[in-house]
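Okay, here's what each chain looks like letter by letter:
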Amino acid sequence: MSNSLGVAPIIKAEPTRGLVDEPVKLEIAHLVPNQQITLHSQLLSEDDDWWMAYAHYISDSKGIVRVSQDESLGGTYTGQESMGLIWSMKLAPDNRPAMRLRKKNMTTPLTVTVSVYDGWISSNFDKAVVLASVVLERFYMAPGATRLEFKEGRVVGTLFFPPGPGPFPAILDMWGGGGGLMEYRAALLASRGYAVLALAYTGHKDVPPSKEVFEPKLSYFEEAFVALNNHPKVAKGKVALVGLSLGVTIALLMATELTNIQPKCIICISGTHLNIIWDGNADLIEDENEATSKIRFTEDGVMIWKYLSLPFTNVSKLIVPVDKIRCPLMIICGEDDQNCPAAESADEIKKMMKAAGNDHLLTTISYPQTGHLIEPPYSPHFRITKFKIRSINKTVRLLWGGTTKPHADAQEDSWKKILAYLEKHLVHEHPAVIQSNL
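Remember, predicted model here, so these are calculated numbers, not experimental data.

**A word on the nonpolar core**
Now for step 1: Formed by 56 residues in total, the largest nonpolar core has its most connected members in Leu172, Phe221, Met254 and Leu329.
Now for step 2: Setting aside anything within four residues of it in sequence, one finds methionine 254 in contact with Leu172, Met174, Leu218, Phe221, Phe225, Leu241 and Ile261.

Encoded structure:
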């Protein structure tokens, strides 16, 4: 289809190749003035699920739509949203429900196809005529960044380095109780100038049993920190801890109980100050019948785990002694976290640190209408997903919380604040932060 001048519409994208945390400018030109169009984005995940988003626009008097400036009037998002076609993605119809989009292969991009259609449509895109399309490649690894499988002693993980010989300030990156080895945040942080060890510590075939990993001396985590700190491409003494969910508990325990390590700063995302691994076991649910009294359910039978930890205990061995923290600590939480009481825990940590006189080290950022899974920017929002409880070998649906637009805003804002915080406390004499030039 062409306009009155006989010229087909085109989509201009800048950049077409970039890091996942970089915004893309989209402009659709050669349209008819005041033409109603639909923009549609889709990608096929590594799990073979289709994800999609769409938005309705009207071209201006020159037949142009500028996504970063113009408002979407309907679709999976509305308003002026330059990256709405990415962060508002949902599972396409007829795909498996309650799945989560997570990149596994860091050496390949997320490939997003953006298409334009005449008129405002909301379904059956495969049957509509495409006026123009463009392919966006979204990478977690910048050009020249390297990925190395890491195995030293008992410690298992993946190391990422920025381009160049180093030494680089470093980050020990720890995910939550879902287990396995999640690499994408580590890869993206490395693309921003840091040596990062994505640490496996539970639910991984090469990691020691939980009783060994979560023993009181936390030697597995100390070994990981020391190995990273001693790497020849790491600036010795410049190592930060980043934890999400259960990784928060680990990071806080490392900073308070391991006297042989000195992290430069800690970033805690969606976690609590409760020492749930005190007995060498990280499983919140060991007996489903016993846990049922504190588990809540939505009308659709989706599990809510937040209240498993509420009200907070007063038993000292079950509380991380945050009064012993001696380095800067940033806490990021969502006020609608339905998986753990992260916002309530942030308040308790503030009280404990204020009483101990070390609250000057604390920075707390709390986001309204934001759930548990605070991911890198422009990641789709997952309010409900499937989750495998390894302790009872059962897959359930969990409510993570959050509302799509505020949650997306929180992910974008928190990522900027995380990078600024790391630069302030880690970089100093290492000011060169890698900028993507894909």
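**Quick word on the environment of valine 315**
Now for step 1: Mapping valine 315 onto the fold places it in the loop between β17 (303–304) and β18 (329–334).
Now for step 2: Note: C-alpha distance between valine 315 and lysine 394 (79 residues apart in sequence) is 30 Å.

**Some points on the pattern of salt bridges**
Now for step 1: Throughout the structure, instances matching the rule amount to 22 salt bridges.
Now for step 2: Between aspartate 60 and arginine 66 there is a salt bridge whose closest N-O contact spans 3.3 Å.
Now for step 3: Since its relative accessible area comes to 26%, arginine 66 is described here as partly exposed.
Now for step 4: Its salt-bridge partner being aspartate 413, residue lysine 417 comes within 2.9 Å of it at the nearest N-O pair. Highlighted residues: lysine 417 and aspartate 413, both in helix α8 (residues 404–427), separated by 4 residues, approximately one helical turn.
Now for step 5: The network of salt bridges with shared partners includes Lys12, Glu27, Asp60 and Arg66.

**Points about the sheet that holds strand β9 (residues 130–139)**
Now for step 1: Strand order in the open sheet made by the 6 strands is β2-β9-β8-β4-β5-β7, with mixed pairing throughout. In the strand order of this sheet, the two ends are held by β2 (17–19) and β7 (90–91), each with one partner.
Now for step 2: As judged from the 2 bridges shared by strand β5 (residues 50–58) and β7, these two strands associate in the antiparallel manner. Bridge pairing in β7 links tryptophan 51 to leucine 91.

**Description of the sheet that holds strand β1 (residues 10–14)**
Now for step 1: Taken in spatial order, the 3 strands line up as β1-β3-β6 in an open sheet, and their pairing is antiparallel. Here the strands that pair on one side only, and so sit at the sheet edges, are β1 and β6 (65–66).
Now for step 2: One ladder, built from 2 bridges, connects strand β3 (residues 25–29) with β6; its direction is antiparallel. Directly across from glutamate 27, in β6, lies its bridge partner arginine 66.

**Focus: the pairing of β3**
Now for step 1: Sheet topology note: the β1/β3 ladder contains 5 bridges and is antiparallel. By the bridge assignment, alanine 13 is partnered in β3 with leucine 26.

**Focus on the pairing of strand β12 (residues 168–174)**
Now for step 1: The element β12 is largely enclosed, with a buried count of 7 among its 7 residues.
Now for step 2: The pairing of β12 with strand β14 (residues 234–244) spans 6 bridges and is classified as parallel. Residue alanine 170 lies in a different strand from β14, and its bridge partner there is valine 239.
Now for step 3: Bridging between β12 and strand β13 (residues 195–200) involves 5 bridges; their strand directions are parallel. In the sheet register, isoleucine 171 faces β13, and the bridge partner there is valine 196.
Now for step 4: Following the chain from β12 across helix α2 (residues 184–190) to the adjacent parallel β13, one finds a crossover that is right-handed.

**Remarks on unusual backbone geometry**
Now for step 1: Between glutamate 14 and the following residue, proline 15, the backbone shows a cis peptide bond with an omega angle of -5°.
Now for step 2: Of note, proline 15 is situated in the loop between β1 and β2.
Now for step 3: Positive phi outside glycine occurs at aspartate 94, with the angle close to 75°.
Now for step 4: Along the chain, aspartate 94 falls in the loop between β7 and β8 (110–118).

**What about the confidence of the model for the chain?**
In low-pLDDT regions, the fine details of the predicted coordinates are not to be read closely.
Now for step 1: On average, residues of the chain carry a pLDDT of 94, and 95% of them reach 70 or more.
Now for step 2: Below a pLDDT of 50 lies the segment residues 429–438, which in the model reaches 22 contacts outside its immediate sequence neighbourhood of four places, other chains included.

**Observations regarding the state of the cysteines**
Now for step 1: Applying the stated criterion across every chain yields a total of 0 disulfides.
Now for step 2: With no disulfide partner, cysteine 268 has as its closest neighbouring cysteine sulfur the one in cysteine 327, 9.2 Å distant.
Now for step 3: Given the relative accessible area of 3%, cysteine 268 is considered buried.
Now for step 4: Cysteine 340 forms no disulfide, and the closest cysteine sulfur to it belongs to cysteine 333, at a distance of 9.1 Å.

Calculation criteria
- Residues numbered from 1 in each chain as written.
- Predicted model: local features only at pLDDT ≥ 70, side-chain atom pairs only at ≥ 80, totals over all residues.
- Heavy atoms only, no water.
- Core = buried A, V, L, I, M, F, W, Y, C linked by side-chain atoms within 4.5 Å.
- Buried < 20%, exposed > 50% of the residue type's maximum accessible area, 1.4 Å probe, protein only.
- Contact = heavy atoms within 4.5 Å.
- Helix = DSSP H or I, 4+ residues; strand = E, 2+ residues; numbered from the N terminus.
- Salt bridge = Lys/Arg side-chain N within 4 Å of Asp/Glu carboxyl O.
- Pairing = 2+ DSSP bridges.
- Right-handed = clockwise from strand over helix to strand, strands pointing away.
- pLDDT = per-residue confidence, 0-100.
- Disulfide = S-S within 2.5 Å.

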